[in-house]
Amino acid sequence: MRIVDAKVMVTSPGRNFVTLELTTDEGLTGLGDATLNGRELAVVSYLEDHVMPLLVGLDPHRVEDTWQSLYRGAYWRRGPVTMAAIAAVDVALWDIKAKAAGLPLYQLLGGASRDRVGTYGHANGRDIPELLDSVRARLAEGYPAVRVQSGIPGLKAVYGVSSTDDSGSPVMHQQARPLVEDWDTDAYLRHMPNVLEAVRAEFGPGLPLLHDAHHRLTPVQAARLGKDLEPYHLFWLEDCTPAENQEALRIVRRHTTTPLAVGEVFNTVYDYQALITEQLIDYVRSAVTHFGGVTPLRKLFDFAAQYQIRSAIHGPQDISPVGMAAAVHLDLAVHNFGIQEYSGHTPLTEEVFRHAYTFEDGYLHPGEAPGIGVELDEELAAAHPYEAAYLPVNRLHDGTVHDW
Ligand code: CS2
Ligand code: MG
């Protein structure tokens, strides 16, 4: 079998998605997600100008060799753009391989290790009463775990608290420049224990609760928050500090038993190395789409499993249904599965990307369709072209740029 065509499609059914399609001489096609939120066109160029011309004529069954060739052959390794492009190729090849075998992808990854894939949903509120209503809504949908994000008194907008929808996913600003949001760490650190106290008082000690600090704290501030939240027994505190500084997690770990989740912005195993070998974290968060595909992410999970660290694939709305489908196949197969983030997608997105995975009562299943189980409606996709959109930028009250 040989790859005879490669094309990349950008569609914006409410937000931008980048999809790679590979076609073989036997008529099989494979899809891969190359969406990098706010930098989509950089990945399109990396694919169109530097990767796709190399794919035509290759044997699509050589998934590992193609991955290694794209990673090592570029000389300039790692980084979000490169690894999103490689991820799209990798998933498209796995899609083709599984279709050729007539099997759903998870069967090629060792088969099912569980009956279904547990998820967590996003609950958010501009104030505590609104947040409690949002938690109720997620519980009514059957979510077995809930991430809680709250507005902070005195701040106009905060990550994860959208004024337009209840998904909790970041509101993309369809405009030529990012929206500027304001931030006050002290106000946040004072307020979050009150938030968790109120949620625990309303929903009891048993509901798995997660919180995303979204890279905003210094190590000692993260250590303080982890300690302050210990009475509420979080399922995890996510991205408590920018994790490029691996030393930071050593400091946080020394001060708190609150479980830590890190890695949605990581794109190779080297970003995690010390965090895993020194057991500084409890969950690895990388998405198939941002980590170079199924091939490396499976290896990461096996590495993490040696240190009793579990998977928690990143699954916001800016991961397309193609990336989500690949994630759910991995989730079903790996032994050290932890949890899958899932907020669903807009109805129009679900029309553009018809998928075999199902979401019922808080649990996902990849389905039994051969491959990853996604079909792209190209005509509908073309009817919703790319629109420039950027994530917000954060500034402190004195105007200093801060992590968003
Ligand atoms: C967030 C993401 O879901 C999460 O954990 O950190 O929503 C993140 O803000 C977006 O994916 C950025 O594009
Ligand atoms: Mg996050």
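Predicted model, so just to flag it, every value in this text is computed and none were measured.

Caption draft 1: Molecular detail of the overall build of the chain. Regarding its fold elements, the chain presents 13 helices and 18 strands. Against the globule reference of 22 Å for 404 residues, the chain gives a C-alpha radius of gyration of 20 Å, in line with a compact fold. By principal-axis analysis of the C-alpha atoms, the chain measures approximately 60 × 45 × 45 Å. The proportion of buried residues among the 404 residues of the chain is 57%. In the chain, the proportion of contacts linking residues at least 24 apart, taken out of those at least 6 apart, comes to 72%. Counting only carbon and sulfur atoms, one obtains 52% of the accessible surface of the chain, whose full area is about 15600 Å². When the 32 basic and 53 acidic side-chain charges of the chain are each reduced to a single mean position, those positions are 6 Å apart.

Caption draft 2: Representation of the pattern of salt bridges. Overall, the coordinates contain 23 salt bridges when judged by the stated rule. Among the ionic pairs, Glu-238 bridges to Arg-285, the shortest N-O distance being 3.0 Å. Here Glu-238, found in strand β8 (residues 236–238), pairs with Arg-285, found in the loop between β10 (283–284) and α10 (294–305); they are 47 residues apart in sequence, far enough to count as distant. By the burial criterion, Glu-238 is buried, and Arg-285 matches it. Residues Arg-253 and Asp-282 are paired through a salt bridge, measuring 2.7 Å at the closest nitrogen-oxygen approach. Of this pair, Arg-253 sits in helix α8 (residues 246–255) while Asp-282 is found in the loop between α9 (273–277) and β10, placing the two residues 29 residues apart along the sequence. A residue is classified by how much of its surface remains accessible, and Arg-253, at 24% relative accessible area, is partly exposed. On the accessibility criterion, Asp-282 (22% relative accessible area) is partly exposed.

Caption draft 3: How the structure looks around the domain arrangement of the chain. Taken domain by domain, the chain comprises domain 1 (3–104) and domain 2 (108–369). A straight line from the C-alpha centre of domain 1 to that of domain 2 covers 26 Å. Between domain 1 and domain 2, the contact holds 34 residues from the first and 35 residues from the second. Across the interface of domain 1 and domain 2, roughly 2600 Å² is buried in total on both sides, 62% from carbon and sulfur atoms. When the buried surface of domain 1 facing domain 2 is broken down by residue, Pro-13, Asp-33 and Pro-104 rank first, second and third, together holding 23% of it. Linking domain 1 to domain 2 there are two salt bridges. At the junction of domain 1 with domain 2, the criterion picks out 15 residue pairs in polar contact (both at pLDDT 80 or more). Elements with a contribution of two residues or more to the side of domain 1 that touches domain 2: β2 (17–24), β3 (29–33), α2 (63–73) and α3 (80–101).

Caption draft 4: Main features of the sheet that holds strand β18 (residues 401–402). Strand order in the open sheet made by the three strands is β6-β17-β18, with mixed pairing throughout. Two strands lie at the open edges of the sheet, namely β6 (180–183) and β18, each paired on one side alone.

Caption draft 5: Representation of the packing of α2 against α10 within the structure. In contact at an axis separation of 10 Å, α2 and α10 are set at 95 degrees when each is read in the N-to-C sense. In this view, α2 runs roughly perpendicular relative to α10, as classed from their interaxial angle. Note on element contacts: α10 touches α2 through Thr-295, Pro-296 and Lys-299, opposite Val-63, Glu-64, Trp-67 and Gln-68. Among the residues forming the contact of α2 with α10, the class breakdown is three nonpolar, two polar and two charged.

Caption draft 6: Spotlight on α2. Where α2 is concerned, the buried positions are Val-63, Thr-66, Trp-67, Gln-68, Leu-70 and Tyr-71. Where α2 is buried, its residues meet α1 (40–55), α3 and α10. Among the residues trailing α2, Tyr-75 stands out with phi positive, at a value near 70 degrees.

Caption draft 7: View of empty space enclosed by the protein. With the rule as written, the count across this model stands at one cavity of 30 Å³ or more. In this structure, the largest cavity occupies an estimated 60 Å³ of space. Lining the largest cavity, in full, are Gln-149, Ser-150, Ile-152, Val-158, Tyr-159, Trp-183, Tyr-188, His-211, Asp-212, Ala-213, His-214 and Arg-216. Among the elements of the structure, β5 (146–150) and β7 (209–212) are those that each provide at least two residues to the lining of the largest cavity. Class assignment for the residues of the lining of the largest cavity results in six nonpolar, four polar and two charged.

Rules used throughout
- Residues numbered from 1 in each chain as written.
- Chains lettered and ligands numbered in written order.
- Predicted model: local features only at pLDDT ≥ 70, side-chain atom pairs only at ≥ 80, totals over all residues.
- Heavy atoms only, no water.
- Helix = DSSP H or I, 4+ residues; strand = E, 2+ residues; numbered from the N terminus.
- Rg over C-alpha atoms; globule rule 2.2 N^0.38 Å.
- Buried < 20%, exposed > 50% of the residue type's maximum accessible area, 1.4 Å probe, protein only.
- Contact = heavy atoms within 4.5 Å.
- Areas by Shrake-Rupley, 256 points an atom, 1.4 Å probe, with all protein chains shown as cover.
- Lys, Arg positive; Asp, Glu negative; His and termini not counted.
- Charge placed at Lys NZ, Arg CZ, Asp CG, Glu CD.
- Salt bridge = Lys/Arg side-chain N within 4 Å of Asp/Glu carboxyl O.
- Domains from an automatic or database assignment.
- Buried area = accessible area lost by both parts, 1.4 Å probe.
- Polar contact = N/O pair within 3.5 Å; in protein donor to acceptor, adjacent residues only side chain to side chain.
- Pairing = 2+ DSSP bridges.
- Axes fitted to C-alpha atoms, helices over the stretch in contact; angles between N-to-C directions.
- Parallel < 35°, antiparallel > 145°, perpendicular 65-115°, else oblique.
- Nonpolar A, V, L, I, M, F, W, Y, C, P; charged D, E, K, R; others polar.
- 1 Å grid on protein atoms, 1.4 Å probe; cavity = no way out; pocket = protein on both sides within 12 Å on 5 of 7 lines; lining within 4 Å.
- Points joined across faces, edges and corners; volume = space filled by probe spheres on them.

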